[in-house]
Every structure is written in structure tokens, then in C-alpha cells.
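So the chains spell out like this:
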Amino acid sequence: EDQVTQSPEALRLQEGESSSLNCSYTVSGLRGLFWYRQDPGKGPEFLFTLYSAGEEKEKERLKATLTKKESFLHITAPKPEDSATYLCAVRPNSGYSTLTFGKGTMLLVSP
Amino acid sequence: EADIYQTPRYLVIGTGKKITLECSQTMGHDKMYWYQQDPGMELHLIHYSYGVNSTEKGDLSSESTVSRIRTEHFPLTLESARPSHTSQYLCASSESSGEQYFGPGTRLTVT
């Protein structure tokens, strides 16, 4: 059974204080790992797709990396507007497009 | 503009009522999904469709039903709402790469 575990559950940072969020996964062959941002009361917003170990993607203050067992979302010099819940999801090699999501990390950046 | 729409955004309804949650997309995607999300919890897939007249049940058992008569429309119906159905319902669509794009969600409260 595919599993996604995200840590920490919640993270509070000061503005400008860089940190990383972790996503550990077990899947029967990884076809893709996805990162989303979700603001309260809204649907998740797509950020990145990673396909193979060693791959990195960047967008503004966010950088996602992937190994064979986990992915990290690095946040460099965060701002209060980066406050949100960050979700990780995996797509197995089963041939379908369904995703398995983790519970997310709730990030709060204080000014 | 390509987007995915859900109506209503909020719904408060009494036990036993029949309800239909609407989801439409102008993304041109064949695949569509319905998720259920409780506060602080992960998204659970309840239904998905790979195209017109194709529907499948997801990982989470649900008393809801779906239909896919048109590519852009994927409504979800509850024949008899119960308090246990209180949750946030999220609709998504994707292309073959697997990246799913979400609507804003419907927050359902059954009293």
C-alpha cells in the first residue's frame, strides 16, 4: 500500500528564517511526486512535479528535491505570504493517474 | 481562461435531503476526480473518471455517486445526506502527466 508521511506537522518560522519540510514515501514504483500549497478554505494549488531521484525544481523561494525515499521542500528566506499548508502526493507506476496524499505541513511565517 | 469551478462553495442542509455538488472544468482534461478532506487531514479519493461514461470508486468508501456525461462536467450526488457527510469536497482534473488541478472546494454541513 502506498504511504506518504510528512513532517513536521506544523512549523513556525520568523520571516527570513530558512527551513525544510520533509515528505517520506513508500510506493510500488514512483511515477511522480507532487507538491501542493493549500490556503485555508481553498483547493490545493500545484507547485512542482518530480520524477526521479536527484531531480530539483525551483519557484521563487521554494526548491523541491527528491531522493529514492523522500522529498524535501526547502523554503529560503520565507515571507508571511508563504504561510499555508504544504501537501505532498505520490503517483505509483500502476498505470493510473490517482494520487496518494500526505496530511501536510502547516507553515506559519511571522513578520 | 482555463479553470475548474465548483458550486456551491458552501452548503448547509438538513438530514435526508438529496444534494448535488457541481464541478466543471475548462482545462480540456479527460481525467477528473472527487476528494473528501476533513480539517487537518489528508485528501481521500472518493471517485474518479478517465472520460465520458467512465467512473470508478476511490480508496475511501463513500455513499455518494457520480456521473460523467460530458467531458467538462463531473457532478457528485448524495441521495440522502447525513451528519457524517459533513466535510470539504474537492474536485480536480488532470492530463496524462498526472498533475492534478483543483477547484476551490465545497464545504458541506449536514445538520
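Below: a short report on this structure. (Residues numbered from 1 in each chain as written. Chains lettered and ligands numbered in written order. Predicted model: local features only at pLDDT ≥ 70, side-chain atom pairs only at ≥ 80, totals over all residues. Heavy atoms only, no water.)

Brief notes about the state of the cysteines
Residues and elements named next belong to chain A. Following the criterion strictly, the structure yields two disulfides over all chains and no others. Here Cys23 is linked by a disulfide to Cys88, with a sulfur-sulfur distance of 2.0 Å. On the S-S bond that ties Cys23 to Cys88, the torsion sits near -65 degrees, and the link is left-handed. Placement of the pair is Cys23 in strand β3 (residues 19-26) and Cys88 in strand β9 (residues 84-92), with a sequence separation of 65 residues. (Disulfide = S-S within 2.5 Å. Helix = DSSP H or I, 4+ residues; strand = E, 2+ residues; numbered from the N terminus.)

Focus on the interface of chain A and chain B
Listed per partner, the contact involves 19 residues of chain A and 24 residues of chain B. Surface buried jointly by chain A and chain B totals about 1,700 Å² across both partners, of which 53% is contributed by carbon and sulfur atoms. By the criterion of area lost to chain B, the three top residues of chain A are Ser97, Phe101 and Lys103 of chain A, representing 30% of everything that side buries. Inspection of the region where chain A meets chain B yields zero salt bridges. Mapped onto the side of chain A that touches chain B, the elements with two or more residues apiece are β4 (30-38), β5 (45-50) and β9 of chain A. Sorting elements by how many residues they give to the side of chain A that touches chain B places β4 of chain A first, with three residues. Taken together, the residues that form the side of chain A that touches chain B break down as nine nonpolar, seven polar and three charged. (Contact = heavy atoms within 4.5 Å. Buried area = accessible area lost by both parts, 1.4 Å probe. Salt bridge = Lys/Arg side-chain N within 4 Å of Asp/Glu carboxyl O. Nonpolar A, V, L, I, M, F, W, Y, C, P; charged D, E, K, R; others polar.)

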